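Residue-level listing of the chains:
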Amino acid sequence: MADQLIRATAAQGGIRAVGAITTRLTEEARNRHKLSYVATAALGRTMTAGLLMASSMKRTGARVNIRVKGDGPLGGILIDAGLDGTVRGYVENPSVELPPNSKGKLDVGGAVGKGFLYVVRDIGYGYPYSSTVELVSGEIGDDVAHYLISSEQTPSAVVLGVFVGASGVTAAGGLLVQVLPKAARDEALVETLESRVAALSGFTPLLQAGKSLTDIFQDLLGDMGVAIFPETQILRYHCGCSFDRVLGALKMLGEAELQDMITKDNGAEATCDFCGTVYQASRDDLAQLVVDLQAEA
Ligand SMILES: [Zn+2]
């Protein structure tokens, strides 16, 4: 099944639900960054969370950045997800592997450790909105739910899952179910949702059982008047980096630094952290940047 996202509402608009299948894009990230099992799970969960969060934004070009900074061996995780269904991301230490946790699952919480979750929402105009919360467990799903409740005041249930086998990622995705402000004081509704989501034994078993996102929404919210939007949005791993952007970044180093690179290094090499593309700027490229800077001065 292609990577995709669908949206639904229930309880007369009091509940908003989003579901995403991210198997292929998580496998692409694993290949691009040569991720270990636990790093694949950590990055896949965070990319899925970003896509789910970006999906409720309104304006073309809106994006969510999530940075997870814990004291565990994985180091930081950074992802960038858009309302347009694109996502990219990387982890600081992609090869870290840990033994399974006490539940026999990939120990994402142990790899991440204690620390903070930073979220930046770029709504497509003006200043981006940013906020930080302490990590709850480092398992990502709990942490994102905590962020949505404490920073955005929206009671939210988040289920994220990545299944990595010997041949790669065979199932990945997640659900975000939120009780909107008009219904947030309906404690019975919030409790019902929480207990239903908690009763799910993760997300990947549902995919592995052959369920579609529509099936999952029907099971979860069918008796609450669920209305599933007909549009299916395609999700994909995509990095917007380009040689022009690399040149722009090099130019910001200033004339002295550029001259130094021309004489000492005979050029410059830059690797994009998100997609691994290596850009080579030649002597001539750098010399042109110097000419541009002098013309602007
Ligand atoms: Zn890139």
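Residues numbered from 1 in each chain as written. Predicted model: local features only at pLDDT ≥ 70, side-chain atom pairs only at ≥ 80, totals over all residues. Heavy atoms only, no water.

As recorded in an unreviewed UniProt entry, the chain goes by the name 33 kDa chaperonin, listed as coming from Brasilonema bromeliae SPC951. Check the Subcellular location (unreviewed entry) section of the UniProt entry for the chain; it says "Cytoplasm". The Sequence similarities (unreviewed entry) field of the UniProt record for the chain holds the comment "Belongs to the HSP33 family." (UniProt positions renumbered as here; feature names shortened; annotations may be inferred.)

A. Here's a closer look at helix 9 (residues 255–265). The set of residues buried in helix 9 consists of Leu258, Met261 and Ile262. One side of helix 9 holds all its buried residues, which, seen down the axis, span an arc of 95°. Of the exposed residues in helix 9, the ones pointing more than 90 degrees away from its buried face are Ala256, Thr263 and Lys264. At the C-terminal side of helix 9, asparagine 266 shows a positive phi close to 60°. (Buried < 20%, exposed > 50% of the residue type's maximum accessible area, 1.4 Å probe, protein only. Helix = DSSP H or I, 4+ residues; strand = E, 2+ residues; numbered from the N terminus. Arc of directions from axis to C-beta.)

B. Local environment of the sheet that holds strand 7 (residues 129–134). An order of 7-6-3-4-5-12 is seen for the 6 strands of this open sheet, with the pairing classed as mixed. Each edge of the open sheet carries a strand with a single partner, namely strand 7 and strand 12 (236–237). Relative to the sheet, helix 2 (residues 37–54) contacts strand 3 (63–70), strand 4 (76–82), strand 5 (86–91), strand 6 (115–122) and strand 12, its axis offset from that of strand 4 by approximately 35°. Together, strand 6 and strand 7 form the strand contacts of helix 4 (residues 141–150), whose direction differs from that of strand 7 by roughly 120°. (Pairing = 2+ DSSP bridges. Contact = heavy atoms within 4.5 Å. Axes fitted to C-alpha atoms, helices over the stretch in contact; angles between N-to-C directions.)

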